[in-house]
Amino acid sequence: MPMRLSDHDLLQLTEEELLELPEEVLRRLSIKLLYDLKEARERLRQTSRNSSRPPSSDPPWDKTDSNEEGKHKQQEKDEFAGVDDQAPDTEEASKIESEEKTQDEANELQQTQKQKDETSDKRKAGKQPGAPGYGREQKIAITAEAHHYPTACVRCDGELNQDAAKAYTAFETVDLEWADPTNPGIRLTNTKHTYYETACTCGHCTQQAPHRQLSHHLTPTIFLSEWRLVGPGLAALIVCLAYRMRLSRARTQEFLSDWLGLEISVGTLHATLHESGAAVLPVEDELVEAVQNSGLLHVDETSWPELNTLLWLWVFCGQGVVVYWIASRGSELLDNVLGSAFQGWLMSDGWQAYRYYLKRLRCWAHLIRKAEGLKDGLDIAARLFGEQTLLLLNTLIKAVYAARERPPDQALPITYQNALSDYRCACEAMSASASPTKARALAREMLNDWEAIFQVLAQPNLPLTNNEAEQALRHWVILRSICHGTRTEDGSRILAILISVIETCRVRQQSPWIYLAAVIRQRRAGFSAPGLPLVKGSE
Ligand SMILES: [Zn+2]
């Protein structure tokens with residue numbers, strides 16, 4: 001929540017002044033001070049470590065290994081260090097980071113320059129407004145003006161007269177108007193926002209200021225701010241180009257320049273993606289809840305490099321929800337996301353992390369691929385076992401499909417009781433044999449996961465494959481080959497939350513971009529993120 005009193009207000013309030021205030025005015029001011037003190041205390045308590053945890057559980061991406069911890073500390077250090085002493089592979093990331101910081105610092109400086117001139121000669125370290133590297137060459141025609149006036153005095157609550165207001169700062173925001181089928185095309189708007197300050201009859205000068213706050217969820221370099229060149233709709237377009245269209249930063253820049261005539265630096269693109277990710281992070285709780293409430297969940301994972309660490313991109317596809325996390329491959333993520341709240345069926349491949357779930361289903365596509373591999377081998381016993389596996393699975397697939405069309409008179413596990421027990425004997429013989437390891441491994445896998453594999457016979461409407469989760473990863477596997485993974489823990493979190501929101505909106509047949517723009521607009525103004533759109537038709 002925003003603070004009630006700005007630095008500008010506090011500079012005007014002195015001890016002597018408080019002593020002279022009438023009781024009623026002092027009371028009202030105390031309430032504001034109390035509110036701000038509580039807010040400040042809460043912010044203090046949120047270290048970068050505990051603030052990256054979702055309220056509901058321990059973070060799914062939490063890494064308990066102490067070496068990992070050390071690595072992240074080092075990464076954070078690298079990220080915030082100056083550009084000059086960077087290793088070549090981290091140089092780009094830290095340059096971008098520092099550009100982003102500079103932009104924020106410059107904004108802040110510009111905003112408070114007047115006070116500083118009045119109160120002190122000291123200049124804040126870092127780039128000054130107007131210094132090389134800051135500011136935009138491109139001048140865009142202004143299409144609209146917005147004037148922001150203070151309405152009430154912060155000290156005495158007295159109404160302020162707009163006629164007495166003086167403009168003290170201004171900035172421009174480029175945004176886009178949404179196209180629709182009757183009015184296609186992309187049109188940009190450029191709104192000049194002017195902010196005013198007004199002196200009250202009590203002597204206090206109140207400023208209306210653009211809202212700006214630190215993201216509580218990430219390391220404290222990311223601000224959510226109304227003071228941005230990139231408006232919420234344009235930010236959504238940049239997220240779309242980067243993730244849905246899988247364009248590199250350079251290609252995104254090229255597209256915006258060639259098609260929209262808009263020159264935007266790589267640093268600003270990067271800052272826009274980070275701010276957008278920070279804006280939607282609170283939606284994670286809603287996504288986790290939707291995953292936990294799913295009656296059937298498809299889960300899969302694929303490798304994902306985070307700088308020099310090999311992590312995994314996990315996907316959870318539930319009912320009207322698709323959520324991604326980048327984490328280690330152990331069972332912590334599953335435990336933290338699903339906990340004891342998840343009571344549905346879990347469809348997965350044979351990875352051991354899934355073994356602890358009682359209501360588990362196995363993807364038959366993997367088993368069939370393995371059996372086909374054996375059938376084409378040179379060892380007779382292995383070939384026979386492969387053929388036997390394929391014959392049984394293919395017979396059962398037909399039976400499951402038929403049962404979905406028309407419920408059978410007799411339950412499938414009873415109809416195929418003998419075939420299953422014969423096959424089980426074959427698996428037991430193979431798992432104890434000296435045959436080639438692949439055949440033995442498949443036999444052991446079948447025995448280990450017997451219940452999970454053949455559960456579908458009792459409930460033929462459950463799925464036979466994990467295609468849904470595998471498909472949900474495919475798009476991002478291509479992105480991985482373009483961007484070579486992520487560079488930092490924050491970068492991974494931002495990618496995961498943004499693509500979760502994009503894909504969840506898409507399975508709900510809703511525009512991710514309109515939703516994303518609404519979240520960014522609300523969060524920049526200090527409000528909470530609106531809830532995810534419901535499945536189309538059920539609103
Ligand atoms: Zn006043």
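Predicted model, so just to flag it, every value in this text is computed and none were measured. (Residues numbered from 1 in each chain as written. Predicted model: local features only at pLDDT ≥ 70, side-chain atom pairs only at ≥ 80, totals over all residues. Heavy atoms only, no water.)

So, on to the overall build of the chain. Helix and strand content of the chain: 19 helices and 11 strands. The proportion of buried residues among the 539 residues of the chain is 47%. Sequence separation of at least 24 residues holds for 67% of the intrachain contacts in the chain that already meet a minimum separation of 6. Counting every atom, the chain has about 27,100 Å² of accessible surface; 52% of that belongs to carbon and sulfur. (Helix = DSSP H or I, 4+ residues; strand = E, 2+ residues; numbered from the N terminus. Buried < 20%, exposed > 50% of the residue type's maximum accessible area, 1.4 Å probe, protein only. Contact = heavy atoms within 4.5 Å. Areas by Shrake-Rupley, 256 points an atom, 1.4 Å probe, with all protein chains shown as cover.)

When pLDDT is low, close inspection of the predicted coordinates is not appropriate. Taken over all residues, the pLDDT of the chain has a mean of 82, while the share at 70 or more is 81%. With pLDDT under 50 throughout, residues 47–134 is counted as low confidence; its partners more than four residues away or in other chains account for 127 contacts. (pLDDT = per-residue confidence, 0-100.)

The next subject is the coordination of the zinc ion. In ideal tetrahedral geometry, four donors around a metal make angles of 109.5 degrees, whereas ideal octahedral geometry with six donors gives angles of 90 or 180 degrees. Around the zinc ion, the protein contributes the donor atoms Cys153 (SG), Cys156 (SG), Cys200 (SG) and Cys202 (SG), which lie 2.3 to 2.4 Å from the metal centre. Around the zinc ion, the four donor atoms are arranged such that angles at the metal cover 102 to 116°; this shape is classified as tetrahedral. Look at where the donors of the zinc ion fall in the sequence and you get C-x2-C-x43-C-x1-C. One end of the pair, cysteine 153, is in the loop between β1 (144–148) and β2 (166–177); the other, cysteine 202, is in the loop between β3 (187–199) and β4 (205–207), with 49 residues separating them in the sequence. (Donors = N, O, S within 2.8 Å, 3.2 Å for Na, K, Ca; no water. Tetrahedral: all angles 85-135°; square planar, octahedral: opposite > 155°, others 65-115°.)

A full pass over the atoms with the stated rule returns 17 salt bridges. Of the charged contacts, one joins glutamate 275 and arginine 228 as a salt bridge, the two residues approaching to 3.0 Å between their closest N and O atoms. Linking glutamate 275 in helix α8 (residues 266–280) with arginine 228 in the loop between β6 (223–225) and α6 (232–244), this pair joins segments that are 47 residues apart in sequence. Assessed through its relative accessible area of 2%, glutamate 275 is described here as buried. Between arginine 355 and aspartate 449 there is a salt bridge; the shortest N-O distance is 3.3 Å. One end of the pair, arginine 355, is in the loop between β10 (345–348) and β11 (360–362); the other, aspartate 449, is in the loop between α15 (437–448) and α16 (450–458), with 94 residues separating them in the sequence. According to the relative accessible area criterion, arginine 355 is partly exposed, its value standing at 36%. Under the relative-accessibility criterion, aspartate 449 is labelled buried at 1%. Within this structure, Arg355, Arg360, Arg362, Lys370, Glu445 and Asp449 form a network of salt bridges that share partners. (Salt bridge = Lys/Arg side-chain N within 4 Å of Asp/Glu carboxyl O.)

Attention shifts here to unusual backbone geometry. In this structure, arginine 246 is a non-glycine residue whose phi angle is positive, near 55°. Tracing the backbone through its elements, the reader meets arginine 246 in the loop between α6 and α7 (249–260). At glutamine 509, a position not held by glycine, the phi torsion is positive, near 55°. Within the secondary structure, glutamine 509 is located in the loop between α18 (489–507) and α19 (512–524).

Per the counting criterion, the structure on display carries zero disulfides. Unpaired in this structure, cysteine 205 has its nearest cysteine sulfur neighbour in cysteine 153, at a distance of 9.1 Å. The class of cysteine 205 is buried, set by a relative accessible area of 17%. (Disulfide = S-S within 2.5 Å.)

Let us now look at the packing of aromatic side chains. For the structure shown, the criterion picks out 12 aromatic pairs. Ring geometry for tyrosine 149 and tyrosine 196: centres 4.2 Å apart, planes at 20°, overall stacked. On the criterion of sequence distance, the pair formed by tyrosine 149 in the loop between β1 and β2 and tyrosine 196 in strand β3 is long-range, its members being 47 residues apart. A relative accessible area of 11% means that tyrosine 196 is categorised as buried. (Phe/Tyr/Trp six-rings, centres within 6.5 Å; stacked < 30°, edge-to-face > 60°.)

A separate point is the sheet that holds β11. The strand order β9-β8-β7-β10-β11 describes an open sheet built from five strands, whose pairing is mixed. Pairing within the sheet leaves two strands with one partner each, and these edge strands are β9 (321–327) and β11. Between one strand axis and the next, the sheet turns through 25° on average, direction left out of account. Bridge analysis of strand β7 (residues 296–306) against strand β8 (residues 309–318) gives nine bridges, and the strand direction is antiparallel. Bridge pairing in β8 links valine 299 to phenylalanine 316. Here helix α9 (residues 284–292) sits on the sheet and contacts β7, β8 and β9; the angle it forms with β9, its principal contact strand, is near 110°. Along the sheet, α16 makes contact with β10 and β11, crossing β11 at roughly 85°. (Pairing = 2+ DSSP bridges. Axes fitted to C-alpha atoms, helices over the stretch in contact; angles between N-to-C directions.)

This brings us to the side chain of arginine 508. Along the chain, arginine 508 falls in the loop between α18 and α19. Buried arginine 508, no salt bridge; nearest opposite-charge side chain is glutamate 286, N-O distance 4.7 Å. Polar side-chain contacts of arginine 508 include one of 3.0 Å to the backbone oxygen of proline 533. Setting aside residues no more than four positions away along its own chain, arginine 508 makes contact with Ala290, Gly320, Val321, Leu532, Pro533, Leu534, Val535 and Lys536. (Lys, Arg positive; Asp, Glu negative; His and termini not counted. Polar contact = N/O pair within 3.5 Å; in protein donor to acceptor, adjacent residues only side chain to side chain.)

Helix length check: α19, at 13 residues, gives a terminal C-alpha distance of 18 Å against a target of 18 Å (1.5 Å per residue), a fit within 8%. Among the residues making up α19, those that are buried are Pro512, Trp513, Tyr515, Leu516, Ala517, Val519, Ile520, Arg523 and Arg524. Contacts made by the buried residues of α19 are with β6, α6, α8 and α18. Structurally, the start of α19 carries an N-cap: the backbone nitrogen of tryptophan 513 is 3.2 Å from a side-chain oxygen of serine 511. Glycine 526 sits one or two residues past α19 and shows a positive phi near 90°. (Expected span 1.5 Å × (residues − 1).)

This part covers the nonpolar core. Ranked by internal contacts, the top residues of the largest apolar core, which has 78 residues, are Leu234, Tyr243, Trp314, Phe316, Tyr324, Leu334 and Leu338. Here leucine 334 is in contact with Val299, Trp314, Phe316, Gly339, Ala353, Tyr354 and Tyr357, once residues within four sequence places are set aside. If you look at the next biggest cluster of nonpolar residues, it comprises 37 residues, including Cys363, Leu367, Ala403 and Leu464. (Core = buried A, V, L, I, M, F, W, Y, C linked by side-chain atoms within 4.5 Å.)

This part covers the environment of serine 303. In this structure, serine 303 sits in strand β7. Non-local contacts of serine 303, meaning those with residues more than four positions away in its chain, are made with Leu310, Leu311, Trp312, Leu313 and Arg480.

Helix length check: helix α14 (residues 417–432), at 16 residues, gives a terminal C-alpha distance of 23 Å against a target of 22 Å (1.5 Å per residue), a fit within 8%. Those residues of α14 not exposed but buried are Leu420, Tyr423, Ala426, Cys427, Met430 and Ser431. What you see down the axis of α14 is that its buried residues fit within an arc of 130°, all on one side. Facing away from the buried surface of α14 by more than 90 degrees, the exposed residues are Asn418, Asp422, Ala429 and Ala432. In the core, the buried residues of α14 are packed alongside α12 (380–405), α15 and α16. (Arc of directions from axis to C-beta.)

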